[in-house]
Amino acid sequence: MARIRGILFDKDGTLVDFNATWLAVARLMAMEAADGDRSKADALLSAAGLDFVAGCFKPDSVFAAGTNMDVVRLWFPELESEAQKEALTRFDRITSDQGSAMAVALPGMADALSALHAGDYRLAVATNDSTAGAEKTLAALGVAQLFVAAYGYDAVANPKPAPDTVRAFCDLTGLKPAEVAMVGDNRHDLEMARAGGCGLAVGVLSGTGTRDSLAPMADLVLDSIADLPAALSSRH
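All of these numbers come straight from a predicted model, not from anything done at the bench.

Take the packing of helix α1 (residues 18-33) against helix α4 (residues 68-75) next. Helices that pack against each other are described as a pair by the angle of their axes relative to one another and the distance between those axes. Orientation of α1 relative to α4, taken along the N-to-C sense of each, is 40 degrees, at an axis distance of 12 Å. It follows that α1 is oblique to α4 by the angle criterion. As for how α1 packs across α4, the hand of that crossing is right-handed. Two secondary-structure elements touch here, α1 through A26, M29, A30 and A33 and α4 through N68, V71 and W75. Here the contact of α1 with α4 is built from residues that sort into six nonpolar, one polar and no charged.

The subject of this paragraph is the nonpolar core. Among the nonpolar cores identified, the biggest contains 29 residues, and I7, F9, L15, L113, L123, F147 and I225 are the most heavily contacted of them. Of all the secondary-structure elements, those providing two or more residues to this core are β1 (6-9), α6 (109-118), β4 (122-126), α7 (131-140), β6 (180-184), β7 (200-204) and α11 (228-233). Of all hydrophobic cores here, the second largest spans 27 residues; its members include W22, V25, A34 and M69.

A separate point is the packing of aromatic side chains. A ring pair, where both rings are aromatic, is described by two values, the distance of the centres and the angle of the planes. Under the counting rule described, the total for this entry stands at seven aromatic pairs. Centre to centre, the rings of W22 and F63 are 6.4 Å apart; their planes meet at 65 degrees, and the pair counts as edge-to-face. Taken together, the residues W22 in helix α1 and F63 in helix α3 (residues 62-65) connect sequence positions 41 residues apart. An identical accessibility class is assigned to W22 and F63; each is buried. Members of the aromatic cluster, joined through ring pairs, are F18, W22, F57 and F63. Of note, R3 hangs over the ring of Y121, and the distance from its end group to the ring centre comes to 5.8 Å.

To continue, consider empty space enclosed by the protein. Per the counting criterion, the structure on display carries one cavity of 30 Å³ or more. Of the pockets and cavities examined, the largest cavity occupies roughly 240 Å³. As for the largest cavity, its lining consists of 20 residues, and the residues nearest its centre are D12, F63, A64, G66 and D129. Put simply, the parts of the chain that give the lining of the largest cavity at least two residues each are α1, α3, α4 and α9 (187-196). Residues of the lining of the largest cavity, tallied by class, amount to seven nonpolar, eight polar and five charged.

The next thing to look at is the pattern of salt bridges. Using the criterion set out here, one finds eleven salt bridges in the structure. Between K160 and D10 there is a salt bridge, with its nearest N and O atoms 2.9 Å apart. On the criterion of sequence distance, the pair formed by K160 in the loop between β5 (149-151) and α8 (164-173) and D10 in the loop between β1 and α1 is long-range, its members being 150 residues apart. K160 gets classed as buried once you look at its relative accessible area, which sits at 7%. In this structure, a network of salt bridges that share partners links the residues D10, K160 and D189.

Let's shift gears to the pairing of β6. Buried residues dominate β6, accounting for five of its five residues. Of the two faces of β6, the one carrying V180, M182 and G184 and the one carrying A181 and V183 are both buried. Inspection of the sheet shows β1 paired to β6 by four bridges, in the parallel sense. Bridged to L8 within β6 is M182. Pairing of β6 with β7, which is carried by four bridges, proceeds in the parallel orientation. Paired with A181 across the strands is L200, a residue of β7. Crossover connection from β6 via α9 to parallel β7: handedness right-handed.

Moving on to the packing of α1 against helix α5 (residues 81-101). Where α1 contacts α5, the axes come no closer than 10 Å and their chain directions differ by 150 degrees. Relative to α5, the element α1 lies roughly antiparallel. Like other packed secondary-structure pairs, α1 and α5 cross with a definite hand, here right-handed. Between α1 and α5, the contacting residues are T21, W22, V25, L28, M29, E32 and A33 on the first element and R90, F91, I94, T95, Q98 and G99 on the second. Per-class residue counts for the contact of α1 with α5 are seven nonpolar, four polar and two charged.

What counts and how
Residues numbered from 1 in each chain as written. Predicted model: local features only at pLDDT ≥ 70, side-chain atom pairs only at ≥ 80, totals over all residues. Heavy atoms only, no water. Axes fitted to C-alpha atoms, helices over the stretch in contact; angles between N-to-C directions. Helix = DSSP H or I, 4+ residues; strand = E, 2+ residues; numbered from the N terminus. Parallel < 35°, antiparallel > 145°, perpendicular 65-115°, else oblique. Left-handed = near helix turned anticlockwise from the far one by under 90°. Contact = heavy atoms within 4.5 Å. Nonpolar A, V, L, I, M, F, W, Y, C, P; charged D, E, K, R; others polar. Core = buried A, V, L, I, M, F, W, Y, C linked by side-chain atoms within 4.5 Å. Buried < 20%, exposed > 50% of the residue type's maximum accessible area, 1.4 Å probe, protein only. Phe/Tyr/Trp six-rings, centres within 6.5 Å; stacked < 30°, edge-to-face > 60°. Lys NZ or Arg CZ within 6 Å of the ring centre and 35° of its normal. 1 Å grid on protein atoms, 1.4 Å probe; cavity = no way out; pocket = protein on both sides within 12 Å on 5 of 7 lines; lining within 4 Å. Points joined across faces, edges and corners; volume = space filled by probe spheres on them. Salt bridge = Lys/Arg side-chain N within 4 Å of Asp/Glu carboxyl O. Pairing = 2+ DSSP bridges. Right-handed = clockwise from strand over helix to strand, strands pointing away.

Interpretation note: all reported values are geometric properties and have no functional meaning in isolation.
Okay, structure coming up:
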């Protein structure tokens, strides 16, 4: 069993409180897409995975796990390619600006990242948000200096659950996939870990995923990344 030397983190639901950060942003996006029609906006949110009764997004739903292009294709299936690109640009701007400005860190996030960085782990973000959005969020949370890279859906040819981000991280750091852990709150994260040959797939219960949805694909399921430094130490 190779020693873990690098860690890829999902962003939303893993580093950032997903619902506290994204519910308001999602409503803003839906109202723009619906031209201000509240009932139409609610229908779009429901299609993207919002559970109005629970007040949160469902595990592995389009908004919880997909890219902005996935949202565009869901909400505007009739648009031609160029119009979809224009909608994507608008949504990328909203998620980058508003998502970073409204980002709420999960409890223990900064301390866990600092401990891992001090332990000589190479850290990076692998998100289906845009790269600019990820970088702005890390800066807003005051932890950007702990990461060697942030990979959004637009930083690789094929975003999660494809293995491209694992390969990019390994190319950057010189690590082997078996030396990399992938940590996330959705099945997309764990599917990427498996596809990329990661040495460890870690599910966290701090986002939209549940133990039932994550456990079948995870080597380890933790309450949050606050538990990760101790979990990795216990493996060595």
